[in-house]
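Residue-level listing of the chains:
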Amino acid sequence: MGDVWAWLLFFFVLIGILVMLVFQLVCLADLEFDYINPYDSSSRINKTVLPEFITQGVLCFLFLVTGHWVMSLLCVPYLYYNVRLYMQRQHLIDVTEIFNLLSREKKQRIIKLGYIVLLLFISLFWMIYNALEDDDELL
């Protein structure tokens, strides 16, 4: 039963990361269609970047601690990319360069979104699998 609770926790953490990425994409889309000014858009996105990175690091650590080695290994490339962005100080969006980098930033977040959706489906599969396995043990 503990594995089901762990997978449920992983699922909700992944949903949180997904929400942060969708919020960033919405801000970029609003900027692209001129619904919001560059300063507001970049400040909103920059407020969610570090929580996204920290949440992803915590998720990878939780996979590692609970013994889900394959899922932890699947999280490592995303975590490495985030750490590399942070170390090179390219994780925040510059207000003055936001229009020049708009397409690159959107592509970057769409790729991240796809990766998180993949992890979400794998996590959902294992959560359902463990719930059914626990149900069989009770009968």
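Here the structure is a predicted model, which means the values were calculated and not measured. (Residues numbered from 1 in each chain as written. Predicted model: local features only at pLDDT ≥ 70, side-chain atom pairs only at ≥ 80, totals over all residues. Heavy atoms only, no water.)

## So, helix α1 (residues 2–32)
Along an α-helix, a turn takes 3.6 residues, which lines up residues three or four apart on a common side. With 31 residues, α1 should reach 45 Å at 1.5 Å per residue; the first-to-last C-alpha distance of 45 Å fits that figure. Immediately beyond the C-terminal end of α1, within one or two residues, lies Asp 34, with a positive phi of roughly 65°. (Helix = DSSP H or I, 4+ residues; strand = E, 2+ residues; numbered from the N terminus. Expected span 1.5 Å × (residues − 1).)

## Focus: the packing of aromatic side chains
Counted according to the given criterion, the structure contains 9 aromatic pairs. Centre to centre, the rings of Trp 7 and Phe 63 are 6.1 Å apart; their planes meet at 50°, and the pair counts as tilted. Taken together, the residues span a long stretch of sequence, with Trp 7 in helix α1 and Phe 63 in helix α2 (residues 38–65) at a distance of 56 residues. The pair Trp 7 / Phe 63 is uniform in exposure class, with both members buried. (Phe/Tyr/Trp six-rings, centres within 6.5 Å; stacked < 30°, edge-to-face > 60°. Buried < 20%, exposed > 50% of the residue type's maximum accessible area, 1.4 Å probe, protein only.)

## So, a nonpolar patch on the surface
On the surface, a cluster of nonpolar side chains totalling about 570 Å² of accessible area is made up of Leu 50, Ile 54, Val 58, Val 83, Tyr 86 and Met 87. Contributing elements (two or more residues each) for the nonpolar patch: α2 and α3 (69–87). Along the chain, Val 58 falls in helix α2. For Val 58, a relative accessible area of 42% corresponds to the partly exposed category. (Patch = residues over 30% accessible without salt bridge, like charges linked within 9 Å, V, L, I, M, F, W, Y side chains within 5 Å. Areas by Shrake-Rupley, 256 points an atom, 1.4 Å probe, with all protein chains shown as cover. Salt bridge = Lys/Arg side-chain N within 4 Å of Asp/Glu carboxyl O.)

## Observations concerning the nonpolar core
Grouped together as the largest cluster of nonpolar side chains are 19 residues, with contacts concentrated most on Ile 17, Leu 59, Phe 63 and Ile 116. Elements supplying a minimum of two residues to this core: α1, α2, α3 and α4 (102–138). Judged by nonpolar contacts, the second largest core, of 11 residues, contains Leu 28, Ile 45, Leu 85 and Ile 93. (Core = buried A, V, L, I, M, F, W, Y, C linked by side-chain atoms within 4.5 Å.)

## Let's talk about the side chain of Ser 41
Position of Ser 41 relative to the elements: it lies in helix α2. Looking at Ser 41, the relative accessible area reads 0%, which means it is buried. From its side chain, Ser 41 meets the backbone oxygen of Cys 27 in a polar contact 3.3 Å long. Once residues lying within four places of it in the same chain are set aside, the contact partners of Ser 41 are Cys 27, Leu 28, Leu 31, Ile 36 and Ile 98. (Polar contact = N/O pair within 3.5 Å; in protein donor to acceptor, adjacent residues only side chain to side chain. Contact = heavy atoms within 4.5 Å.)

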